[in-house]
Amino acid sequence: MNLENQSSKEMISVLMCTYNGARWLPAQLNSLLSQTLQPCELVVCDDGSTDDTLSILDQFKSVSPFPVQVIVNDVNLGYALNFLTGIAFTKAQYVAFCDHDDVWYPDKLKRSLSVLKQSPSLLITHGFDVVDDHGDKISSTVDSTGYYPPLGYRLGPVDCAGFSILMDKRLLGYAPVSLSPEFFIEINGKHDKPAVGHDELLCVLASALHAGVFIPEPLVAHIEHGSNSSRDTSKDQELLLRSWIPMRLRLPLLRWSQRGHGSETYSQIADSLEKVACILDVMVGELLERGCSADYVNHRLSTVRLRMRDNRLRASLYSGRSNGLLVFARMLQQGCYRKKDSGLGFANACKDFLVASVAFYMRIRRKLRF
C-alpha cells in the first residue's frame, strides 16, 4: 500500500498488548473509538490472558469501525518482548503503542501525528496524567515547575513512557540488528520485568539519532491500580496522593516518600542505565555508518554513564550501610548535582543532604546510648 497517497486516517496502526486486563480494557477500547483521528487498524497481542480479555476483544471487533487483529501468543513473552514482536504485525507507517489499562484523550493520535509529521523526528512521546481507579487525577508529568520524567531520568529529547510513543517505522531501519527481539533477549534475558524495556530501546535509538521529540501536554490518563508493569509504590506512598494535597506538591511528596525504598530504587535505575550504555555501545558502529554524529553519540553514551554513576552513589547513600555525609560530599565533588546533561539538580541535593544528615544523627544517637 502506498501510504503517501492515503488519507491520514490510514497512517496509524495501534499496537496494544494485553494480559488479564478485562477490568480496564473496555475503557481503553472506548477511548480508541472516541479518537478525533481514527487509526487504520488495531493489532492486539495477547500474552495468554486467563480472564475475559479475549471475549471483550471479540465483542469489540464486531462494533469497531476499523479492523481489529488479535494475536494470542503460544507462550508468555512479557510486556516488553510482546510489544517488540508485535510491531511486525502492524501495516501502517506509524505505530502507536497502547496499554490495555490506560485511557486516551480524544486528540492523542491527531496531536501526536501532527507533531511527528511537522518535524524531522521519527518518534514522539508526550505527557500524561496519573489517575486512580476512580478516574481522579493524582499527578501529571507536567506542572508549573517543568517536566517530570516517568523513570526519573531522561535519555535525550524524548523519554521512555511506552504508552505515549508514536513511532515512524523508518526508525527501525537505522538499527535492524540492535532492535531485534533476539537482541532484546540477549541483553535482558527472557523475563517479565526486564532492566531495559522496548520503550527504552526505541527512545535510546531516537535519542542517539537526535530524531525524537517530546510533547509536554498530557494526552493519556495513566491509571495507577497496583498491577501496572511499571508500578513500584507502597501503600504509605499512596496516602500522600490523596486529593486534599495540592496538585503541584503531590509528585515531589511521592518522591520524598520513596526515601525508605531509595537504595533499591536507585540501584534499579543504575542497572537500567547500565543496560542502556551496553545498547549504545553495540549500536555505535551502526549509527556512525548511517551518518550520525560521532560527537553526539559519544556524548549520549557519556551522559548515560554519568547518570549511572550518580544513581549508584545515591543507592549507597540511601542504603544506610555507609556514611551518607561522606557519600554526599563525594557526589558534590564529582558534580552529580549539576543540572547540565540531566544532572540531579539542586532539589535532589537538598533531599540527599537532609537524608544523609538524619541518618548521621540517628547513628550518633544510637552510639551515645551505650
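About the cut-offs
- Residues numbered from 1 in each chain as written.
- Predicted model: local features only at pLDDT ≥ 70, side-chain atom pairs only at ≥ 80, totals over all residues.
- Heavy atoms only, no water.
- Helix = DSSP H or I, 4+ residues; strand = E, 2+ residues; numbered from the N terminus.
- Axes fitted to C-alpha atoms, helices over the stretch in contact; angles between N-to-C directions.
- Parallel < 35°, antiparallel > 145°, perpendicular 65-115°, else oblique.
- Left-handed = near helix turned anticlockwise from the far one by under 90°.
- Contact = heavy atoms within 4.5 Å.
- Nonpolar A, V, L, I, M, F, W, Y, C, P; charged D, E, K, R; others polar.
- 1 Å grid on protein atoms, 1.4 Å probe; cavity = no way out; pocket = protein on both sides within 12 Å on 5 of 7 lines; lining within 4 Å.
- Points joined across faces, edges and corners; volume = space filled by probe spheres on them.
- Buried < 20%, exposed > 50% of the residue type's maximum accessible area, 1.4 Å probe, protein only.
- Salt bridge = Lys/Arg side-chain N within 4 Å of Asp/Glu carboxyl O.

**Student:** Is there a simple way to explain the environment of arginine 338 in this structure?
**Tutor:** Structurally, the position occupied by arginine 338 is in the loop between helix H11 (324-333) and helix H12 (345-368). The spatial distance from the C-alpha of arginine 338 to the C-alpha of alanine 349 is 9.4 Å, given a sequence separation of eleven residues.

**Student:** In this structure, what is going on with the packing of helix H1 (residues 25-33) against helix H2 (residues 53-63)? I would like to understand it.
**Tutor:** When two helices pack together, their arrangement is given by the angle between the helix axes and the distance between those axes. At their nearest, the axes of H1 and H2 sit 10 Å apart, and the two run at 25° to each other. The orientation of H1 with respect to H2, classified from their angle, is roughly parallel. Considering only the axes of H1 and H2, their crossing is right-handed. Counting all contacts with H1, which are made through Leu25, Pro26, Leu29 and Leu33, the residues of H2 involved are Thr53, Ile56, Leu57 and Phe60. Of the residues assigned to the contact of H1 with H2, the class counts are seven nonpolar, one polar and no charged.

**Student:** Sorry if this is basic, but what is going on with empty space enclosed by the protein here?
**Tutor:** Summary: where empty space remains is shown by rolling a probe the size of a single water molecule over the atoms. Evaluated as defined, the whole model comprises two cavities of 30 Å³ or more. Residue lining of the second largest cavity: Ser322, Asn323, Gly324, Ala356, Ala359, Phe360 and Arg363, and that is the complete set. When the residues that make up the lining of the second largest cavity are grouped by side-chain class, the tally is three nonpolar, three polar and one charged.

**Student:** So what exactly am I meant to see when it comes to unusual backbone geometry here?
**Tutor:** With the exception of glycine, the majority of residues adopt a negative phi angle, and the majority of peptide bonds are in the trans configuration. With phi around 50°, asparagine 20 is a residue other than glycine that occupies positive phi space. Mapped onto the elements of the fold, asparagine 20 is located in the loop between strand S1 (12-18) and H1. Classification of asparagine 20 by relative accessible area gives partly exposed; the value is 26%.

**Student:** Mind showing me how you'd approach the pattern of salt bridges here?
**Tutor:** Pairing is possible between side chains that carry opposite charge, provided their charged atoms lie close to one another. Under the counting rule described, the total for this entry stands at five salt bridges. The closest approach of N and O atoms between aspartate 310 and arginine 309, which form a salt bridge, is 2.8 Å. Sharing partners across several salt bridges, the network here consists of Arg307, Arg309 and Asp310.

**Student:** Hey, could you run me through the packing of H11 against H12 in this one?
**Tutor:** Close contact between H11 and H12 brings their axes to 8 Å; oriented N to C, the two are set at 155°. Comparing their axes, H12 and H11 come out roughly antiparallel. The segment H11 lies against H12, with Gly324, Leu325, Phe328 and Met331 engaging Ala349, Asp352, Phe353, Ala356, Ser357 and Phe360. Residues of the contact of H11 with H12, tallied by class, amount to seven nonpolar, two polar and one charged.

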